[in-house]
Amino acid sequence: TKPSLSHLFSRKMGNKSSSLPEDDEIHKDNLHFYQNKIESHPNGNFIDAIHSKWFGDYYLLEAHHSYIQWVFPLRETGLNWSSQALSKHEANTMRNSVEIRKRLLKSLSMMLDFYGMHLDEATNKIMRAKDEAHVAKQYQLLNRSFHNYLRITRILKSLGILGCEDIKFEFLNHLILETFKSRNLCRAEDSCIRFWIPTLRRREDVVKMDKLVEKFSHQGRVINRNFRDGWGDEDGENWSTQFYPDELEGHYTEQTLFEARDNILVADKDPYAELRKRYQNAKSNYLSSLRESNIGASTGNGGRVREFVDLSDDDDNSSYNSDVYEDDDEDNDDIDEDEVDGEDDEQDEEELGEEIEEVDSSMYSLSLRDETSESLSPGETGLSSWVPTSGSTEKKGDI
């Protein structure tokens, strides 16, 4: 059964709150899809086939824009007008189905794998995937493909509506640590604060996540929900914004306390370790070259040596920081040139600049940024894929 014409028309006319009436029990496309009775459309498949055939097909998961509304349904109609808004009746039925819960977790596992992450279903913990090369590649995708931030917002909301608030909490915990502590997903900062955290249905859980962000923020970020940061993009209070304890036996209840974690569950090695080493070596040698050229320069300004600003003291040039890795120095953005070896100090400035540009272009989340980068163009910053460091990136996509 397709959504009613009036429902589709209201969405087409831009009504953000377009949804089925709260007492609707007629429309059951989402329920039937998760019962493996109907296919998603357009160009979709049955849910079991999607899990078996689409898992690991990263090009398909990235380029296909009509499956996410079926796999993670919401009360509001998405950009796929062939999909149906989730009804309250459907959500209640789906929350109480063991079969549907298993399929929902398979859907989440498929998307987490696409993002370089992994769900441990025994503990509900979310961590990096075990393959470091896979993690690095998919994290790079997340740092430049911003429509996936919209997808993550949808996934988080849907998990809460369908009785997986505890898993949503773990997903957010991992995202916060990767975004603010390790800085591997640092371009997701704004989306994480303004859209992802507010999907939590209990205010005390939002406070826990806000404190975790403030603890690890490299810029001393203080979150203000009543002004700048807001409470997300929910369309007012309604049945889909309520807190739903898992109604299945053996899972969490309304009294369950979710605990935030400070440590990162990771693969055996940091997937960015080698790139960080190349970056730090190139940066150190480049600074050394600039110092030598400044000191030995023939002056044309009254015999004065021009002032040199040491960028290595820039607090925003952050590197990987985790108590999991003992070899990492918490303050290793301040480079001691005497400790750097294995590079030719006599390389000319042009070669060193090219090396830094090469490293920057391959490390989307670890690129060198200065305090003025928000107002500069891509050419001025030297970044191959520049984006602003402030302002929401959740402006368009496929949700």
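Residues numbered from 1 in each chain as written. Predicted model: local features only at pLDDT ≥ 70, side-chain atom pairs only at ≥ 80, totals over all residues. Heavy atoms only, no water.

**Re the side chain of E189**
The topology assignment puts E189 in helix α11 (residues 189-196). Of the residues examined, E189 reaches a relative accessible area of 15% and is grouped as buried. Once you skip the residues sitting within four places of it in the chain, E189 turns out to touch T179, F180 and R183. (Helix = DSSP H or I, 4+ residues; strand = E, 2+ residues; numbered from the N terminus. Buried < 20%, exposed > 50% of the residue type's maximum accessible area, 1.4 Å probe, protein only. Contact = heavy atoms within 4.5 Å.)

**A few points about the environment of E76**
Mapped onto the elements, E76 comes out in the loop between α5 (68-71) and α6 (88-95). Expressed as a C-alpha distance, the spacing of E76 and S240, which sit 164 residues apart in the sequence, is 9.5 Å.

**What about the pattern of salt bridges?**
Inspection of the entire model under this criterion finds 20 salt bridges. In this structure, the salt-bridge partner of E234 is R201, at a minimum N-O distance of 2.9 Å. Of this pair, E234 sits in the loop between α12 (203-216) and α13 (273-295) while R201 sits in the loop between α11 and α12, and the two are 33 residues apart along the sequence. The buried category is assigned to R201, whose relative accessible area is 12%. A salt bridge links R225 to D210; the shortest N-O distance between them is 2.8 Å. A residue pair is termed long-range when its members are at least 10 positions apart, and R225 in the loop between α12 and α13 and D210 in helix α12 qualify at 15 residues. Like R225, the residue D210 is buried in the burial classification. (Salt bridge = Lys/Arg side-chain N within 4 Å of Asp/Glu carboxyl O.)

**Section: helix α10 (residues 165-181)**
With 17 residues, α10 ought to run about 24 Å at 1.5 Å a step, and its terminal C-alpha atoms sit 23 Å apart, in line with that. A large share of α10 lies buried, amounting to 17 of its 17 residues. R183, located one to two residues past α10, shows a positive phi value of around 65°. (Expected span 1.5 Å × (residues − 1).)

**What about the environment of S19?**
Mapped onto the elements, S19 comes out in the loop between α1 (5-12) and α2 (29-34). Sequence separation of S19 and E76 is 57 residues, and the distance between their C-alpha atoms is 5.1 Å.

**Points about the packing of aromatic side chains**
Inspection of every chain in the model, using the stated rule, returns 10 aromatic pairs. Judged by centre distance (5.6 Å) and plane angle (80°), the ring pair of W54 and Y67 falls under edge-to-face. In this pair, W54 sits in helix α3 (residues 47-54) while Y67 sits in the loop between α4 (58-63) and α5, placing the two residues 13 residues apart along the sequence. According to the relative accessible area criterion, W54 is buried, its value standing at 7%. Joined through ring pairs, the aromatic side chains of F169, F243, Y252 and F258 make up one cluster. If you follow R95 out to its NZ or CZ, it ends over the ring of Y244, 3.8 Å from the centre. Residue placement shows R202 over the ring face of F258; its charged tip is 4.8 Å from the ring centre. (Phe/Tyr/Trp six-rings, centres within 6.5 Å; stacked < 30°, edge-to-face > 60°. Lys NZ or Arg CZ within 6 Å of the ring centre and 35° of its normal.)

**Focus: the packing of α3 against helix α7 (residues 98-114)**
Interaxial distance between α3 and α7 falls to 10 Å at its minimum, and their mutual angle equals 30°. Taken together, the axis directions place α3 and α7 in an arrangement best described as roughly parallel. When you trace α3 past α7, the crossing you get is left-handed. Counted together, I47, D48, I50, H51 and W54 of α3 and R103, K106, S107 and M110 of α7 form the full contact between these two elements. When the residues that make up the contact of α3 with α7 are grouped by side-chain class, the tally is four nonpolar, two polar and three charged. (Axes fitted to C-alpha atoms, helices over the stretch in contact; angles between N-to-C directions. Parallel < 35°, antiparallel > 145°, perpendicular 65-115°, else oblique. Left-handed = near helix turned anticlockwise from the far one by under 90°. Nonpolar A, V, L, I, M, F, W, Y, C, P; charged D, E, K, R; others polar.)

**Observations concerning unusual backbone geometry**
Cis geometry is adopted by the peptide bond preceding P42, which originates at H41 and carries an omega value of 5°. Locating P42 in the fold gives a position in the loop between α2 and α3. Backbone geometry places R183, a non-glycine residue, at a positive phi of 65°. Within the element layout of this structure, R183 appears in the loop between α10 and α11.

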